[in-house]
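# Breakdown of the fold
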Amino acid sequence: MGKNRRRRRPERRRTARPEYSRAGDTSTASRPTTIGDLNDDLLDLVLLRISSPFCLVRAAATCKLWRCAIAGAAFLRRFRSLHGRHVLGHYYVGDKILFIPCPVPPGEVPAIDDVRSRASLHFLRSQSRRLADSRGGLLTFVEFSNMVVCDPWTRQQREVHCWFPWVNGIISRSTHIYGAFLLDADDDEPAHIGNFRLLCVHVVEDYGFEAGESKTAGTSVYSAKDRSWRLLSSTAIVGDNLMTKLLVRHRGFIFVGRGGGSLCWSVKDNNNVLHVDESTGEFSAFTLPPADVNGYGRRNLRVVSTRRIVSIVGDALEVLTLTRGCTKCVVENRYKLSQLANVQASPEWSWFFLDTAVAATSGQVVMLPHEEYMWMFVLDMETMELERVPRRNWRGDRVFSYELAWPPTIKACVDDDHFIAEGNGTRATVVGL
């Protein structure tokens, strides 16, 4: 009888399946919580933690909900205020112009090649122009008396020709440009190829039958939106004052820096500096303390902020302040560089400023004790702290930062199988959404 008895199989425990509530169902049936359940404020907080604009564009390709949240003007303003400007790389100007992308996190390495190709300047009609300035995603080039403003990312460029009022009796006019500097747009919008403003500092030499030879220094602003010039200031190069003596030697000017609305040029073989106020266009001149070498240049003089200049004299770093009116320069502080760097001073050393990517950051200068030294020193002008960092080979006569244009252009194309998001050329495609 025991042989014929059947053994009962153990009963399987059945896991209760979750009951999903239908749309509009107010029942208490539970369901898994997803990121789609976050309200708009919480979703914004999550997306604001994205640290890179490239990742932000990829996030916009995730779904239509995220795309709408990211493309909002209020969200983009908050993202920019939290993360600041995004520098893609730097243009190093020497015998030729070389673009070096900034290091990126491992997840963004594929974007490096795209950035390098986008930043290429091969599309310019003339390769002989010198790079004069950068601001946001725009670059300014100067060739003789003409300028070109371009957007490498979109391959757009606009030629800007000097224009000045015609004077009766002039048979010949020659224009020399000290510099061309990009300004913020008038309408508080991000500057682009259609609304940029350009400050031009120039000297015009006139040769005529009536007045003979005359020279005039001036500053003018070009508006791309109105396609027009506006004269800010004009100064006749006459008399025997310091500024006139400097302007007469305009062909020997060396641009030493821009900071806080101040533009400064030094002149070889003397201690005088020409100053231009960006907002008013007014010219002024002042004299620096005597240098150990033949005058000042980019190797021993830099503008770091409004009315503040730093110079190197031997083993000393002098912090100079401009007085009101920018007609006099006084020594605010004097530091011994070997003590700041905690190194043993040597009579063979000759400290000088370097043009590197770090030096392109506002409020910082980079220095070397001599050409063969293996370390370079970064000085924060606010805290006066000197940091020793490994020397990099990338340097140039001038270095210009190149930023990602803001806000990014995010477009959506939705059909049954694809959703595409684009941000300034960065393209991500998600299939099957």
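These numbers come from a predicted model, not from an experiment.

## Notes on the packing of helix α2 (residues 53-60) against helix α3 (residues 64-71)
Axes are the key here: two packed helices are described by the angle between their axes and the distance separating the axes. Relative orientation of the contacting elements α2 and α3 amounts to 135°, with a least axis distance of 7 Å. Considered as vectors, α2 and α3 are oriented oblique to each other. Here L56, A59 and A60 of α2 come into contact with α3, specifically with W66, R67 and I70. Here the residues of the contact of α2 with α3 are counted per class, giving five nonpolar, no polar and one charged.

## Things to note about the pattern of salt bridges
By the definition in use, this model includes 12 salt bridges. Its salt-bridge partner being R85, residue E403 comes within 3.2 Å of it at the nearest N-O pair. Residue E403 is found in strand β23 (residues 398-403), and its partner R85 is found in the loop between α4 (73-83) and β1 (87-93); the two are separated by 318 residues along the sequence. Classification of E403 as buried rests on a relative accessible area of 12%. Ionic pairing is found between D355 and R302, a salt bridge with its closest N-O pair at 2.9 Å. Linking D355 in the loop between β19 (352-354) and β20 (364-368) with R302 in strand β15 (residues 301-305), this pair joins segments that are 53 residues apart in sequence. A residue is classified by how much of its surface remains accessible, and D355, at 11% relative accessible area, is buried. Each of R129, E143 and E159 takes part in a single network of salt bridges with overlapping partners.

## Here we look at the layout of surface pockets
Computed from the structure, the second largest pocket encloses a volume of approximately 490 Å³. Considering the residues around the second largest pocket, the lining is formed by 20 residues, among which R130, Y178, F253, F255 and R398 are closest to the centre. Breaking the lining of the second largest pocket down by element, the ones donating at least two residues are β3 (130-135), β7 (170-183), β11 (253-259) and β23. Of the residues that constitute the lining of the second largest pocket, the class distribution is 12 nonpolar, three polar and five charged.

## Brief notes about the packing of aromatic side chains
What characterises a pair of aromatic rings is the spacing of the ring centres plus the angle enclosed by the ring planes. For the structure shown, the criterion picks out 15 aromatic pairs. Where Y222 meets W229, the ring centres are 5.4 Å apart and the plane angle is 55°; that geometry is what we call tilted. Here Y222 and W229 have matching classes, each one buried. The side chain of R299 reaches across the aromatic face of F352, ending 4.0 Å from its centre.

## As for the sheet that holds strand β4 (residues 138-143)
Across the sheet, which stays open at both edges, the four strands sit in the order β3-β4-β5-β6 with antiparallel pairing between neighbours. Single-partner strands in this sheet number two, and they are β3 and β6 (156-161). Averaged over all pairs of adjacent strands, the angle between their axes in this sheet comes to 20°, without regard to strand direction.

## Comments concerning the confidence of the model for the chain
Of all residues in the chain, 79% have pLDDT values of 70 or greater, and the mean over the chain is 78. Contacts for the low-pLDDT stretch residues 12-24, under 50 throughout, to residues beyond four places or in other chains number seven contacts. Contacts from residues 412-433, a stretch scored under 50 in pLDDT, to residues over four places away or in other chains number 62 contacts.

## Looking at the environment of G136
Summarising the element assignment, G136 is placed in the loop between β3 and β4. G136 sits 48 residues away from D184 along the chain, and the two C-alpha atoms are 9.4 Å apart. Ignoring any residue separated from it by four or fewer positions in sequence, one finds G136 in contact with Y402 and E403.

## Quick word on the sheet that holds β15
Backbone hydrogen bonds are what pair the strands of a sheet, in a parallel or an antiparallel way. In space, the four strands of this open sheet follow the order β15-β16-β17-β18, with antiparallel pairing throughout. Each edge of the open sheet is held by one strand with a lone partner, namely β15 and β18 (329-336). With strand direction ignored, the average angle separating the axes of adjacent strands in the sheet is 25°.

## What about α3?
Taken as a whole, α3 has its buried residues at W66, A69 and I70. The arc enclosing the buried residues of α3, seen along the axis, measures out at 95°, which places them on a common side. Looking at α3, the residues exposed on the side facing more than 90 degrees away from the buried face are K64 and C68.

## Quick notes on the nonpolar core
With 26 residues, the main nonpolar core has V310, L317, W351, M367, L379 and M381 as its most contacted residues. For this core, the secondary structure elements donating two or more residues are β16 (308-313), β17 (316-322), α7 (337-341), β19, β20, β21 (375-380) and β22 (385-390). Look past the residues within four positions of W351 in its chain and what remains in contact with it is I312, G314, D315, L337, S338, A341, V343, M367, L368, P369 and F377. Judged by nonpolar contacts, the second largest core, of 21 residues, contains Y178, A217, L263 and V267.

## Focus: the environment of L43
Here L43 lies in helix α1 (residues 40-47). Note on L43: relative accessible area 3%, which makes it buried. Linking L43 and W66, residues 23 residues apart in sequence, is a C-alpha distance of 8.3 Å. Look past the residues within four positions of L43 in its chain and what remains in contact with it is L38, L65, W66 and A69.

Cut-offs applied
The numbers attached to residues start from 1 for each chain and follow its sequence in the written order. Restriction of local features to residues with pLDDT of at least 70 applies here, the model being predicted, together with a cutoff of 80 or more for giving and counting side-chain atom pairs; totals for whole chains, interfaces and linings are based on all residues. The basis for every side-chain value is the complete set of heavy atoms in the structure, and neither hydrogens nor water enter the calculation. Angles run from 0 to 180 degrees between N-to-C directions of axes, and those axes are lines fitted to C-alpha atoms, restricted for helices to the stretch in contact. Counting from the N terminus, the helices are the DSSP runs of H or I reaching at least four residues and the strands are the DSSP runs of E reaching at least two. Between 65 and 115 degrees an angle is taken as roughly perpendicular, under 35 as roughly parallel, over 145 as roughly antiparallel, and anywhere else as oblique. Note on contacts: a residue pair is in contact if any heavy atoms of the two residues lie within 4.5 Å. Gly counts as polar in this scheme, as do all residues outside two lists: the nonpolar Ala, Val, Leu, Ile, Met, Phe, Trp, Tyr, Cys and Pro, and the charged Asp, Glu, Lys and Arg. Any Lys or Arg side-chain nitrogen found within 4 Å of a carboxyl oxygen on Asp or Glu counts as a salt bridge. Here the term buried applies to any residue with accessible area under 20% of the maximum for its type, exposed to any over 50%, and partly exposed to those in between, with areas from a 1.4 Å probe on protein chains only. Buriedness for pockets is judged along seven lines, at least five of which must meet protein on both sides within 12 Å for an open set on the 1 Å grid over protein atoms alone, while cavities are sets there where a 1.4 Å probe fits but cannot get out, and lining residues have an atom within 4 Å of a point. Grid points are joined across faces, edges and corners, and a volume is the space filled by probe spheres set on the points. Think of it this way: a Phe, Tyr or Trp ring, Trp meaning its six-membered ring, pairs with another when their centres are within 6.5 Å, and the plane angle makes it stacked under 30 degrees, edge-to-face over 60, tilted otherwise. Look at NZ for Lys and CZ for Arg. If either is within 6 Å of the ring centre and within 35 degrees of the ring normal, a charge sits over the ring. Each pair of strands is called paired provided DSSP finds at least two bridges between the two strands. As a per-residue measure, pLDDT tells how confident the predictor is, with possible values from 0 to 100. It is the directions from the helix axis to the C-beta atoms whose arc is reported. Throughout this description, the term nonpolar core refers to a set of buried Ala, Val, Leu, Ile, Met, Phe, Trp, Tyr and Cys residues connected via side-chain atoms within 4.5 Å.

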